[in-house]
Amino acid sequence: MAGSPPLPIGVDLGSSSVTLAQVRLVERGSHEVSLIAVDTVKTPGFEENINAGPSSQQADRRRRFAEVQEMLSYDHFKGRKCILALPARDCFVQPLSVPRECLDNPQDIQNAVNWELQDKGEMFFGHAIDVQNTVVQYIKTGHEVYEDGLSKEEVIAFGVSRDVASQYMKLARDAKIKIVGLNVESCAILECFSRLLRRSADMDQAYMFVDLGVTSTQVVLSRGPTMEFARNLTATIGEAIEETDEQQEAPQEAPGPEVEVSVGQDQSSMVVFESEAEEQVDCLSELVAQITQCLDYVESVGGSKDIDRVVFTGGGAYNKGACNELAVRLGLSGQVGNPLLGIKDINLASLPRETDEETGNQTKPGMPRCPDWAVALGLSVGASTEAAA
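Residues numbered from 1 in each chain as written. Predicted model: local features only at pLDDT ≥ 70, side-chain atom pairs only at ≥ 80, totals over all residues. Heavy atoms only, no water.

With respect to the packing of aromatic side chains
The relation between two aromatic rings is expressed through the spacing of the ring centres and the mutual angle of the planes.
Part 1: Scanning the entire structure with this criterion turns up six aromatic pairs.
Part 2: Aromatic side chains Phe65 and Tyr168 sit 6.2 Å apart centroid to centroid with 50 degrees between the ring planes, which places their arrangement in the tilted category. Pair noted here: Phe65 is in helix α2 (residues 54-72) and Tyr168 is in helix α4 (residues 162-174), with a separation of 103 residues, a long-range link.
Part 3: Classification of Phe65 by relative accessible area gives buried; the value is 2%.
Part 4: Ring plane angle 50 degrees and centroid distance 4.9 Å describe the contact between Phe92 and Phe125, whose orientation is recorded as tilted. You can see Phe92 sitting in strand β5 (residues 91-99) and its partner Phe125 sitting in helix α3 (residues 106-125), a full 33 residues away along the chain.
Part 5: Its relative accessible area of 12% is what places Phe92 among the buried residues.
Part 6: By relative accessible area, which is 24% here, Phe125 ends up partly exposed.
Part 7: An aromatic cluster is present here, built from Phe92, Phe124 and Phe125 joined pairwise through their rings.
Part 8: Arg231 extends its terminal NZ or CZ atom over the ring of Tyr297, reaching a point 5.4 Å from the ring centre. (Phe/Tyr/Trp six-rings, centres within 6.5 Å; stacked < 30°, edge-to-face > 60°. Helix = DSSP H or I, 4+ residues; strand = E, 2+ residues; numbered from the N terminus. Buried < 20%, exposed > 50% of the residue type's maximum accessible area, 1.4 Å probe, protein only. Lys NZ or Arg CZ within 6 Å of the ring centre and 35° of its normal.)

Pasting the structure below:
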């Protein structure tokens, strides 16, 4: 492992926990990575702070960076270079279309994206977008659409207020953390798994990644490793977390053996959860409706809403009953994603102590199931693309 330098540490400031992860390239110029360390700490009280006003929100951010600083004080992680995922609550993700004649010039695309956001901000978000005070980036999807008789191309815009971005950078400096990149959760989730989708057979496969958070749900659609759609949904599995957990704790008839299907393996898609909820969970209806709207939108812009597999990540993915219910209602084959799949030297890395203690939370010996690590690992893994180039 000493043959290549460590990649930056991925920092995920989630609503219920702070997670850090770091990998390194197995060999210089390689795309294979080995794990150095992962650490996570629960941070209760977020919802109360976020609803209490700007001062409480700032105090909550400061507390989270103090947690990051403490985790970095141990010798598990190498260096202080970090890539930060901007929390979904602080940024926006919006698909939109731009004229095809501007595609040859990145600045023309940026201007068109800014104009669309400024012109249609009320329709998209319910309030105007001041693009002069917003950091905006975009990804081209390659989808050609026709709007008002014009040929356009679909792009995905990502944005955050300059003031909010500056606050995060200042808090990082105060905590003596060197931020070398800012990213968004949806991009990090795809980066985490896209390294497994490099075979020719994967290029035509459609995947939907659903990150089940406490305060929001991220939906990412990809064709192979290429992002085609992303959106931050306000609906969550909410009360289904407790309700379905209670159902799972009830005595059950002897279940069949658990089957683990992993992204990128040569196995047919299937629902792989241990048990199905006996009754429909009404609080999932809004989330199902919003995900269905995403699929309908993708179909309307010339894509296809036929999904080969849905992969659940985030803290809500530990609730197999709720995930299974979502997959059934959406009519899709699904699985709980394991961010550690395909990463080398997991047994040599520093992991949270409870990972070793909770052996029932492992897909196989030495391979913990950790769907809530996807963002942090994706941030560090994503840096390998530039390092290997």
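Section: the side chain of Gln94
Part 1: With respect to the element layout, Gln94 can be found in strand β5.
Part 2: Residue classification places Gln94 among the buried residues on the basis of a relative accessible area of 7%.

What about the sheet that holds β5?
Part 1: Judged by pairing direction, the sheet is antiparallel, and its three strands sit side by side in the order β5-β7-β6 without closing on themselves. With one partner strand each, in any of the chains shown, β5 and β6 (134-147) form the two edges of the open sheet. Each adjacent strand pair in this sheet contributes to an overall mean axis angle of 20 degrees, direction not counted.
Part 2: Pairing geometry for β5 and strand β7 (residues 150-161), over nine bridges, is antiparallel. Residue pairing for β7: Val93 is matched across the bridge by Phe158.
Part 3: Its contacts with the sheet put α3 on β5, β6 and β7, and the angle it makes with β5 is roughly 120 degrees. (Pairing = 2+ DSSP bridges. Axes fitted to C-alpha atoms, helices over the stretch in contact; angles between N-to-C directions. Contact = heavy atoms within 4.5 Å.)

So, the pattern of salt bridges
Part 1: Applying the stated rule across the entire model yields ten salt bridges.
Part 2: Residue Arg63 is joined to Asp60 by a salt bridge in which the shortest nitrogen-to-oxygen separation is 3.2 Å. Of this pair, Arg63 and Asp60 are both found in helix α2, three residues apart, which corresponds to roughly one turn of the helix.
Part 3: Owing to a relative accessible area of 3%, Asp60 belongs among the buried residues under this scheme.
Part 4: Arg64 serves as the salt-bridge partner of Asp60, at 2.5 Å between the closest nitrogen and oxygen. One end of the pair is Asp60 and the other is Arg64, both in helix α2 and four residues apart, which spans about a single turn. An identical accessibility class is assigned to Asp60 and Arg64; each is buried.
Part 5: One network of salt bridges, in which partners are shared, links Asp60, Arg63 and Arg64. (Salt bridge = Lys/Arg side-chain N within 4 Å of Asp/Glu carboxyl O.)

Points about helix α5 (residues 185-194)
Part 1: Of all ten residues making up α5, nine are buried, and the element is well covered by its neighbours.
Part 2: Within α5 the residues assigned to the buried category are Glu185, Ser186, Cys187, Ala188, Ile189, Leu190, Cys192, Phe193 and Ser194.

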